[in-house]
Amino acid sequence: MKYAIITGASKGLGYSVAKLLLEKGIHVIGISRTEPDGLKKIAETSNVTFQQFQCDLGDVEEIETTFGKIKSQWGEGVSDLYLVNNAAVVEPVDQAMNMKSSDLAYHVKVNTIAPMVMTNLFLREAVSKGIRFIGSTVTSGAAERPVSGWSAYCSTKASINMYTETVAIEQDEKGTGNKVFAFSPGIMDTGMQEKIRSASPDEFSAVETFKSYKENKALKDTDTVGGVLVDILTDEANLENGKIYHVKDYLS
Ligand SMILES: NC(=O)c1ccc[n+]([C@@H]2O[C@H](COP(=O)([O-])OP(=O)(O)OC[C@H]3O[C@@H](n4cnc5c(N)ncnc54)[C@H](OP(=O)(O)O)[C@@H]3O)[C@@H](O)[C@H]2O)c1
């Protein structure tokens, strides 16, 4: 049996990825603070299961507890495990010098520490049980270029790219066959973009440009982008360990 664990499956890109994986006949476990609508129904019609675990990924103890619950219910027969570290936050969007320390700390916990902890725990579990593991984390173009007002977001997404490349060489050295990759999804029409558009020009100087992306319908829909991620994730033979995949190489 193939299982996928998706963080932030309640909305946006994570919801689309969960739906598409269920439709492919893969069991899905979602982890987020709120419950998604309709995924249980899609699972039923696809003869697989969808389970939701409520967890604040900004709290490492909650992640450990959630991992324990998931692992304790797994019987024999799990052959493949896909991990999609999708959940992230963009805020605080502001100039460095204006942010609250607690907001910065929470941002780093959700965007950097949670994907590392999730990968660490589930990779260990997979290796100990002989389950094939493919781990992915959603990154951003902001990992590769500085954006004024996004010092936290650019930094945490850059950390994801280096983490991915490092874990990949470890798995290669050990010859496990397990793979990890990062996926840069481009700009999509989600709640995260709404938050970006709500910033003031003092906080985020490019806010008008981002408003124009919405007005000019330049934001991609999450089902289209999610389809690219799911194709990469499930094409194990051609998956390049440690690669930072960019959606722009797949969609015009
Ligand atoms: N949208 C874009 O244009 C864009 C561009 C480049 C990269 N990305 C990346 O794409 C990924 C998906 O973004 P999106 O646009 O789909 O975002 P979104 O619509 O804001 O959805 C974010 C998801 O993450 C979950 N989440 C956030 N904080 C969480 C927390 N503390 N604990 C548990 N779950 C949490 C949310 O679930 P709950 O609220 O239910 O907890 C939600 O399901 C992110 O990694 C983002 O950085 C997005």
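One can find the structure itself at the top, above this paragraph.
Procedures and definitions
- Starting from 1, residues in each chain are numbered consecutively following that chain's sequence as written.
- pLDDT decides what is reported in this predicted model: residues at 70 or higher carry local features, side-chain atom pairs at 80 or more are listed and counted, and totals for whole chains, interfaces and linings draw on all residues regardless.
- Each side-chain value is worked out from all heavy atoms of the structure, with water and hydrogens disregarded.
- The cut-offs for exposure are 20% and 50% of the maximum accessible area for each residue type, with area from a 1.4 Å probe on protein chains only; residues under the lower value are buried, those over the upper are exposed, and the others partly exposed.
- Strands are runs of DSSP state E lasting at least two residues, helices are runs of H or I lasting at least four, and both sets are numbered from the N terminus onward.
- By this definition, two strands are paired if DSSP reports at least two bridges between them.
- The crossover handedness rule: strands pointing away from the viewer, path from first strand over the helix to second strand clockwise, crossover right-handed.
- Throughout, near means a residue has at least one heavy atom within 4 Å of the molecule or strand.
- A 3.5 Å cut-off defines polar contacts: any pair of N or O atoms within that distance qualifies, except that in protein one atom must be a possible hydrogen donor and the other a possible acceptor, and neighbouring residues in sequence count only when both atoms are side-chain atoms.
- Every accessible area reported is derived by Shrake-Rupley at a probe size of 1.4 Å, with residue values counting cover from the shown protein chains alone.
- Between the first and last residue of a helix there are one fewer steps than residues, each counted as 1.5 Å, and that sum is the expected span.
- What the arc measures is the spread of directions leading from the helix axis to the C-beta atoms.
- Every residue pair with non-hydrogen atoms within 4.5 Å of one another is taken to be in contact.
- Angles run from 0 to 180 degrees between N-to-C directions of axes, and those axes are lines fitted to C-alpha atoms, restricted for helices to the stretch in contact.
- Any angle that falls under 35 degrees is termed roughly parallel, while one over 145 is termed roughly antiparallel, one within 65 to 115 roughly perpendicular, and all others oblique.
- Crossing handedness follows the turn of the near helix against the far one: under a right angle anticlockwise gives a left-handed crossing, and clockwise gives a right-handed one.

*Asks:* I keep staring at the pairing of strand β5 (residues 132–138) and nothing clicks. Help me out?
*Replies:* Regular strands show a simple pattern: their side chains alternate between the two faces of the sheet. The element β5 is extensively covered by neighbouring structure, given that six of its seven residues are classed as buried. Where strand β4 (residues 80–85) lies against β5, six bridges are found, and the strand directions are parallel. Each bridged residue has a counterpart across the sheet, and for L83 the counterpart in β5 is G135. Crossover handedness for the path β4 to helix α4 (residues 101–129) to β5: right-handed. Taken together, the five bridges between β5 and strand β6 (residues 179–184) define a ladder with parallel strand orientation. Following the sheet pairing, V138 is matched in β6 by F183. With helix α5 (residues 151–174) bridging β5 and its parallel neighbour β6, the resulting β-α-β unit is right-handed.

*Asks:* Explanation requested: the site of the ligand in the structure shown.
*Replies:* Around the ligand sit 31 residues, and of these K11, T34, N86, Y153 and T190 come closest. One of the side-chain nitrogen or oxygen atoms of S10 is found 2.8 Å away from an oxygen atom of the ligand. Y106 is positioned with one of its side-chain polar atoms (N or O) 2.8 Å from a nitrogen atom of the ligand. When isolated, the ligand has an accessible area of 880 Å², and the protein chains bury 95% of it. For the shell around the ligand, the secondary-structure elements that each account for two or more residues are α1 (12–23), α4, α5 and α6 (191–197). Tallying contributions element by element places α6 first for the shell around the ligand, with three residues.

*Asks:* Looking at this model, I keep getting lost on α1. Mind explaining?
*Replies:* Given a rise of 1.5 Å per residue, twelve residues ought to cover 16 Å, and the 17 Å separating the end C-alpha atoms of α1 matches this to within 8%. Where α1 is concerned, the buried positions are L13, G14, S16, V17, A18, K19, L21 and L22. In the segment just after α1, G25 is the residue with positive phi, at about 85°.

*Asks:* Which parts of the structure should I look at to understand helix α3 (residues 60–72)?
*Replies:* Residue pairs spaced three or four apart in an α-helix point in one direction, given the helix's 3.6 residues per turn. For α3, with 13 residues, the first-to-last C-alpha span of 18 Å sits near the 18 Å given by 1.5 Å per residue. For α3, the full list of buried residues reads I63, T66, F67 and I70. Buried residues of α3, viewed axially, fall in a sector of 105°; they line one side. α3 presents E61 and S72 as exposed residues on the side facing more than 90 degrees away from its buried surface. On the buried face of α3, the contacting elements are β1 (2–7), β2 (27–32), β3 (50–54) and α4.

*Asks:* Looking at this structure, I do not really get the packing of α4 against α5. What am I missing?
*Replies:* Two quantities define a packed helix pair, namely the angle between the axes and the distance from one axis to the other. Where α4 contacts α5, the two axes come as close as 9 Å, and the packing angle between them is 15°. The angle between the axes of α4 and α5 places the two elements in the roughly parallel class. Our pair here, α4 against α5, has a crossing hand that is right-handed. Here L104, H107, V108, N111, T112, P115, M116, T119, N120 and L123 of α4 lie close against α5, whose contacting residues are A152, Y153, T156, S159, I160, Y163, V167 and Q171.

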